[in-house]
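Topology and contacts: notes
So the chains spell out like this:
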Amino acid sequence: MKILIINGSPRGRYSVTLQSCLYLEKNFPEHEFEFLNVGSGIHIFERDMSGAVEAIVSAELLVFAYPVYCSLVPSQLHRFIELLKAANADLRGICATQLSTSAHFFDITAHRFIEDNCRDMGMRVIRGLSAGTEDMLSEQGRAELEAFLRYAVFCAAMPDAEAPVPYTPPPPVPYVRRYEPVKKRDGFDTVIVGDLREDDESLRAMIKDFDAVYPYRTRFVNIADFSFRGGCLGCMSCTAGGRCVHDDGFDRFLQDNIFNADAIVYAFTLRDHSMGSLFKLFDDRQFFCGCRAPVRGKPVAYIVNGDISAEENLRTVLGARSQTGRNFLAGYACSAAGISAVSASLAYALENACLPPKNFYAAAGMKLLRDLVWSRRGILYADHDYFRSNGLYDFPQRHLPRSVLMGLLALLMRSPRLRPRLAARINRSRLSPYKKLLK
C-alpha cells in the first residue's frame, strides 16, 4: 500500500513524531512510504500546493503526523490544511488517519480537528493513535504503534467503504449593526484581540457593536497587522531565556498590548472548525510564556462571526483554555442579542472579580502539566520555579501523615471482621467537619 506521511511538525527531520513514522517504514517493508514535510516547509506550500496535492491524490493512505500544540495541531499544519482546502482538489474517498505525540494534554481535541477537516474534504477517516512522547522507547509503545498501522491498512483496504460527502459551508449571513454607543465608565482596561481582514465586514460590525454596548472603554489589537516571522518551531530555546528564537518583537507586542489588560475579548471568523490558522500561530508563539500564563485569572469573552454552536470541538478547546487559565468565560457573542449578553457578563465578571470554580478540565489539565514540568524541570526550569513558588506541586505522595493513615487503613480493611465497623466509622468521620460547619 502507498502510504503518505504528512509530517506536520515544525521540527522537520528532528521531530519525535517522525521517528515513529520512520520506525513504521522500517518494520513494514511491504508498504511504500512517502514523506511530505509540511511543518518545516510550509513556506514552500504557501507558494505552490500542486506537488502536495499530487502526492495526496496518488496515496492510498494518508497519515497526519504531528506533535500536539495548544490543544490542536501546530499552526504550520493548520495552515497546510487551509491551503489544501483552498486548492479544491477532489479528495473524496481517500483514507486518512493520524499519529500524534504529546503529554496527552487535550490530544482529543487535536484529533477531532483533523477528523472534522478530513471529513469536510470527503475523506474516509480512520481512528488515529495518540502516543506519549516517549512511548516508542518501550516495548508496549512499539507494539501499539505497529497495531495502529496494521489496523489503518486493514481499514484502508476494506472495499466499498462509504466516504462522507464533502462539506460545503453555508454562505455567511451579513451582520447588521444594532447598537448606539453607551456612556463609558473608567476603571477597567479591556482589549479586543482580533484577526480582522479587510473584507471581513461582518466581524468589523460585530466588534463595533460590542464596543458600543460595553460599559467600559475598549482598545482593539489586530493580529493580522503584526509581521510574524514564523510559527513556533518547538525548538525549546525559549525555556532558557524566556524569549522566542524569532526576533520579531512578539514578546514585547504581547506585553505592551495584551498582557497588561484587565479583560480580553477575542474576535474571529470561524475557519476550518477553529479560530483560523493566524490565531493558531498567535497561540503557539506564546509558548515562551510556558505555564506561567500572564493572563491567568483575567475574564475573557469571544466575538464569533459564525455559528459556534455547531463547533463542539472548538468550544471544548476554548472552554478548557479558560478553565486551566482560571479565566472567567463570559460567553460567545455570535449575534446582536449575544453581544449584549456577553458584554454585560464580562462587565459583571470584572466588577466582581469572578473566578471560575475548577472542573475536570482545570483539575486534570493542571495535573498533567504538573507532572510534565516536574519530569522535565531541568529544561523547563522557569515553569518549575513557577509551580514550586505557587504551591502547584500538589503530589499526594508528599503528604506523609495521610499516606501513613491510608496505608494503615488498607491493612485494616483487609480483615472481614473489621471492615463493616471501619466503613461505618469512615463515613461518620468524613461528614464530621461538614456537620461542624453547618452548626
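What you see as residue numbers is a count from 1 along each chain, following the sequence as written. At least 70 in pLDDT is required for a residue's local features to be given in this predicted model, at least 80 for side-chain atom pairs to be given and counted, and no such filter applies to totals for whole chains, interfaces and linings, which use all residues. Here the side-chain values reflect all heavy atoms present in the structure, with hydrogen atoms and water set aside.

1. Section: the pairing of strand β2 (residues 32-37)
- Two strands are said to pair when DSSP picks up at least two bridges between them. In this description a helix means any DSSP run of H or I spanning at least four residues, a strand means any run of E spanning at least two, and both kinds are numbered starting from the N terminus. Two strands pair when backbone bridges link them, and strand β1 (residues 2-7) and β2 are joined in this way by six bridges, in the parallel orientation. Its bridge partner lying in β2, Asn7 is registered against Asn37.
- A clockwise path from the first strand over the helix to the second, with the strands pointing away from the viewer, defines a right-handed crossover. Regarding topology, helix α1 (residues 16-27) serves as the crossover connection from β1 to the parallel β2, and that connection is right-handed.

2. Let's talk about the environment of Gly378
- Relative to the elements of secondary structure, Gly378 occurs in the loop between α13 (360-375) and α14 (381-389).
- With a 1.4 Å probe rolled over the protein chains alone, any residue whose accessible area is under 20% of its type maximum counts as buried; one over 50% counts as exposed, and the rest are partly exposed. When its relative accessible area of 66% is taken as the criterion, Gly378 is described as exposed.
- Residues Gly378 and Cys289, spaced 89 residues apart in sequence, show a C-alpha to C-alpha distance of 16 Å.

3. Some thoughts on the environment of Tyr14
- Position of Tyr14 relative to the elements: it lies in the loop between β1 and α1.
- C-alpha of Tyr14 to C-alpha of Cys235: the two residues are 221 residues apart in sequence and 9.7 Å apart in space.
- Within polar-contact distance, the side chain of Tyr14 engages the side chain of Arg13 at 3.0 Å. Under this definition, polar contacts are N or O atom pairs within 3.5 Å; protein pairs additionally need one hydrogen-donor-capable and one acceptor-capable atom, and for neighbouring residues in sequence, both atoms have to be side-chain atoms.

4. Concerning the nonpolar core
- Nine residue types can take part in a nonpolar core, namely buried Ala, Val, Leu, Ile, Met, Phe, Trp, Tyr and Cys, and a core is a set of them joined through side-chain atoms within 4.5 Å. Residues Leu62, Phe64, Leu77 and Phe80 are the most contacted members of the largest nonpolar core, which totals 33 residues.
- Secondary-structure elements contributing two or more residues to this core are β1, α2 (42-47), α3 (50-58), β3 (61-67), α4 (75-86) and α5 (107-120).
- Contacts are assigned to residue pairs that have any heavy atoms within 4.5 Å of one another. With near-sequence residues (within four places) excluded, Leu77 lies in contact with Ile6, Gly8, Val38, Phe64, Tyr66 and Ile114.
- Counting residues in hydrophobic clusters, the runner-up holds 30 residues, among them Phe259, Tyr266, Phe268 and Leu281.

5. Quick look at the pairing of β1
- Of all six residues making up β1, five are buried, and the element is well covered by its neighbours.
- Inspection of the sheet shows β1 paired to β3 by five bridges, in the parallel sense. Residue pairing in the sheet places Ile6 in a bridge with Phe64 of β3.

6. Observations regarding the packing of α4 against α5
- The axes used here are C-alpha line fits, helices contributing only the stretch in contact, and every angle between their N-to-C directions lies in the interval 0 to 180 degrees. Two numbers describe how α4 lies on α5: the axes approach to 11 Å, and their chain directions differ by 10 degrees. Here α4 is positioned roughly parallel relative to α5, judged by the angle of their axes. The segment α4 lies against α5, with Leu77, His78, Ile81 and Lys85 engaging Phe113, Ile114, Asn117 and Asp120. When an angle is under 35 degrees it counts as roughly parallel; over 145 it counts as roughly antiparallel; between 65 and 115 it counts as roughly perpendicular; any other value is oblique.

7. Description of a nonpolar patch on the surface
- Residues forming no salt bridge and having over 30% relative accessible area are the ones grouped into patches, like charges within 9 Å of each other and nonpolar side chains (Val, Leu, Ile, Met, Phe, Trp, Tyr) within 5 Å. Here the Shrake-Rupley method, with its probe set to 1.4 Å, supplies the accessible areas, and only the displayed protein chains count as covering residues. By definition, a salt bridge exists where a carboxyl oxygen of Asp or Glu is found within 4 Å of a side-chain nitrogen of Lys or Arg. Where nonpolar side chains cluster on the molecular surface, the patch consists of Tyr151, Phe154 and Met158 and spans about 290 Å² of accessible area.
- Residue classification places Phe154 among the exposed positions, given a relative accessible area of 52%.

8. A few points about α13
- Over its 16 residues, α13 runs 22 Å from end to end, which matches the ideal 22 Å to within 8%, given 1.5 Å per residue.
- By the burial criterion, the buried members of α13 are Ala362, Gly365, Met366, Leu369, Arg370 and Val373. Take α13 and look down its axis: the buried residues cluster within an arc of 145 degrees, on one side only. Opposite the buried face of α13, by more than 90 degrees, sit the exposed residues Phe360 and Ser375.
- Those residues of α13 that are buried are in contact with α11 (312-324) and α14. Each helix should span, by expectation, one fewer than its residue count multiplied by 1.5 Å. As used here, the arc belongs to the directions running from the helix axis to the C-beta atoms.

9. What to know about α3
- The set of residues buried in α3 consists of Ala52, Val53, Ala55 and Ile56. The arc that holds the buried residues of α3, viewed along the axis, is 165 degrees, so those residues lie on one side.
- Each element contacted by the buried residues of α3 is listed here: β1, β2, α2, β3 and α4.

10. Focus on the pattern of salt bridges
- Taken as a whole, this structure holds 25 salt bridges when the rule is applied.
- Where Arg112 meets Asp116, a salt bridge forms, and the shortest distance between an N and an O atom there is 2.9 Å. Of the two residues, Arg112 and Asp116 both sit in helix α5, four residues apart, roughly one turn of that helix.
- Among the residues examined, Arg112 registers a relative accessible area of 30% and is labelled partly exposed.
- Overall, the relative accessible area of 13% leaves Asp116 in the buried class.
- Linking Asp385 and Arg388 is a salt bridge whose minimum nitrogen-to-oxygen distance equals 2.8 Å. Here the residue Asp385 and the residue Arg388 both occupy positions in helix α14, the gap between them amounting to three residues, near one helical turn.
- What makes Arg388 exposed here is its relative accessible area of 53%.

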